[in-house]
Amino acid sequence: MKEGVLLVGEPMGLFIAQEEGPLDAVSSYSTAIAGAEYNVAVGLRRLEHKVGYLTKLGRDPFGKRILTGMKENGIGTELTTFSDEKTTGFMLKSKTSHGDPEIFYFRKGSAASTLSPEDVRDLDLSGYGVLHMTGISPALSDSCRAAVLTLMERARAEGLFLSFDPNLRPQLWPSQADMAEFINRAAGMCDLFLPGIAEGRLLTGLDAPEDIAAFYRKRGTKTVVIKLGPQGACAFDGENGFQVEGFPVAHVVDTVGAGDGFAVGVLSGLLENLPLSEAVRRGNAIGAIQVMSVGDNEGLPNRAELARFMERSGCAV
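The model shown is predicted, which means the values in this text are computed figures rather than measured ones.

## Observations concerning the environment of G246
Stage number 1. By the secondary structure assignment, G246 is in the loop between β13 (241–244) and α8 (258–271).
Stage number 2. Taking the C-alpha atoms as reference, G246 lies 25 Å from A34; in sequence the two are 212 residues apart.
Stage number 3. Leaving out residues up to four positions away in the same chain, G246 has contacts with P230, Q231, G232 and N284.

## Details of the sheet that holds strand β4 (residues 51–58)
Stage number 1. Taken in spatial order, the 9 strands line up as β5-β4-β1-β8-β9-β10-β11-β12-β13 in an open sheet, and their pairing is mixed. Two strands bound the open sheet, and with one partner strand each, they are β5 (80–83) and β13.
Stage number 2. One ladder, built from 2 bridges, connects strand β10 (residues 192–193) with strand β11 (residues 223–227); its direction is parallel. By the bridge assignment, L192 is partnered in β11 with T223.

## Topic: the nonpolar core
Stage number 1. Residues L151, M152 and I183 are the most contacted members of the largest nonpolar core, which totals 45 residues.
Stage number 2. Looking at this core, the element that brings in the most residues is helix α4 (residues 142–157), giving 7 residues.
Stage number 3. In this structure, M152 is in contact with L131, M133, L162, F164, A186, M189 and C190, ignoring residues within four places of it in sequence.
Stage number 4. V5, V40, L192 and L270 belong to the second-largest nonpolar core, a separate cluster that totals 42 residues.

## A closer look at the pairing of β4
Stage number 1. Summarising burial for β4: 8 of the 8 residues are buried, a large majority.
Stage number 2. The alternating pattern of β4 places V51, Y53, T55 and L57 on one face and G52, L54, K56 and G58 on the opposite face, and all of these are buried.
Stage number 3. Taken together, the 4 bridges between strand β1 (residues 5–8) and β4 define a ladder with parallel strand orientation. Paired with L6 across the two strands is G52, which belongs to β4.
Stage number 4. Strand direction decides the pairing type here: β4 and β5, joined by 4 bridges, are parallel. Along β5, the bridge assignment pairs G58 with S83.

## Side note on the sheet that holds strand β3 (residues 29–34)
Stage number 1. As summarised here, the arrangement of the 4 strands in space is β3-β2-β6-β7, forming an open sheet in which the pairing is mixed. Edge positions in the sheet fall to β3 and β7 (103–106), since each has one partner strand and no second. Taking the axes of each pair of neighbouring strands and ignoring which way they run, one obtains an average angle of 25° across the sheet.
Stage number 2. One ladder, built from 6 bridges, connects strand β2 (residues 12–20) with β3; its direction is antiparallel. Across the sheet, the residue bridging to L14 is A32, located in β3.

## A short note on the packing of aromatic side chains
Stage number 1. Going through the model one piece at a time under the given rule, you end up with 11 aromatic pairs.
Stage number 2. With 6.1 Å between their ring centres and 80° between their planes, F15 and Y29 make a pair best called edge-to-face. Residue F15 is found in strand β2, and its partner Y29 is found in strand β3; the two are separated by 14 residues along the sequence.
Stage number 3. Accessibility expressed as a relative area gives 22% for F15, which makes it partly exposed.
Stage number 4. Centroid distance W173 to F182: 5.9 Å. Interplanar angle 45°. Geometry classified as tilted.
Stage number 5. Positioned above the aromatic ring of Y105, the side-chain terminus of R107 is 4.6 Å from the ring centre.

## Re the side chain of R154
Stage number 1. For R154, the location among the structural elements is in helix α4.
Stage number 2. In this structure the side chain of R154 is engaged in a polar contact, spanning 2.8 Å, whose partner is the backbone oxygen of L123.
Stage number 3. Not counting chain neighbours up to four residues away, the residues in contact with R154 comprise V120, R121, D122, L123 and L125.

Reading the values: rules and limits
- Residues numbered from 1 in each chain as written.
- Predicted model: local features only at pLDDT ≥ 70, side-chain atom pairs only at ≥ 80, totals over all residues.
- Heavy atoms only, no water.
- Helix = DSSP H or I, 4+ residues; strand = E, 2+ residues; numbered from the N terminus.
- Contact = heavy atoms within 4.5 Å.
- Pairing = 2+ DSSP bridges.
- Core = buried A, V, L, I, M, F, W, Y, C linked by side-chain atoms within 4.5 Å.
- Buried < 20%, exposed > 50% of the residue type's maximum accessible area, 1.4 Å probe, protein only.
- Axes fitted to C-alpha atoms, helices over the stretch in contact; angles between N-to-C directions.
- Phe/Tyr/Trp six-rings, centres within 6.5 Å; stacked < 30°, edge-to-face > 60°.
- Lys NZ or Arg CZ within 6 Å of the ring centre and 35° of its normal.
- Polar contact = N/O pair within 3.5 Å; in protein donor to acceptor, adjacent residues only side chain to side chain.

Below, the structure is given as structure tokens:
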């Protein structure tokens with residue numbers, strides 16, 4: 001795979017509750033930067049890969065902070081633009097000792113939601129070998145859905161490797177049927193599709209990983225990797241598939257960002273010409289590291305940290 005990964009999405013301001021309880025009862029928050037694609041961008045940069053980010057931000061404190069964060073992490077900002085009329089989205093995240101945290105979004109009508117085919121039709125993609133997107137961007141608006149399809153079609157025509165993580169946010173879609181129709185269509189255009197097992201079941205109505213993978217491979221997806229949580233992941237790049245076991249987690253701190261960490265591991269492994277099984281193993285490792293960390297991307301490891309974790313777990317990088 002050619003080096004250079006282009007991420008497309010919506011980075012947001014993030015308020016993280018500093019005490020447990022429902023969000024309407026929280027009195028103090030810390031702040032950070034959130035967004036599935038932003039998390040992947042940060043993770044890939046920490047593993048020393050070239051990354052660019054296509055997004056729109058508002059000319060507001062959140063937008064300025066995100067731009068600063070991108071620059072501090074070495075994420076390319078040449079495709080990041082600002083809106084004078086629209087604001088940057090933000091979100092609240094609860095603190096919890098058990099299960100997934102409560103999330104509440106303030107992103108309707110955000111700058112990123114105005115992305116349109118006109119914004120991507122004439123982009124210079126020559127500096128990138130990989131396009132990675134999630135199902136969040138097309139959920140933001142009709143123009144975002146059209147932009148995502150336009151960009152995927154352009155990327156395919158220009159020979160980029162297409163990677164897609166469904167990252168389902170049903171509350172952002174007009175309906176579950178619209179969500180499934182679009183995501184399944186996009187998956188059929190991809191070289192790599194990364195659903196979680198629950199997402200695969202919701203999108204296809206099928207239960208077993210091998211049946212979910214067959215559903216997408218019949219539609220044209222080249223490789224399907226299905227995340228199984230603590231059990232690791234199943235990968236299918238032909239008629240036969242294989243499972244890669246997960247890594248033990250001492251204590252789950254925050255489940256948000258685990259799937260993004262998994263994508264970082266798989267994509268970085270493939271960029272480094274690792275066999276698919278080893279790329280998936282790296283994905284499992286980074287996902288495990290991330291759930292033991294506070295915040296959406298703070299735990300994503302650099303090369304030395306990843307090597308130490310995998311060595312302690314009895315695996316080479």
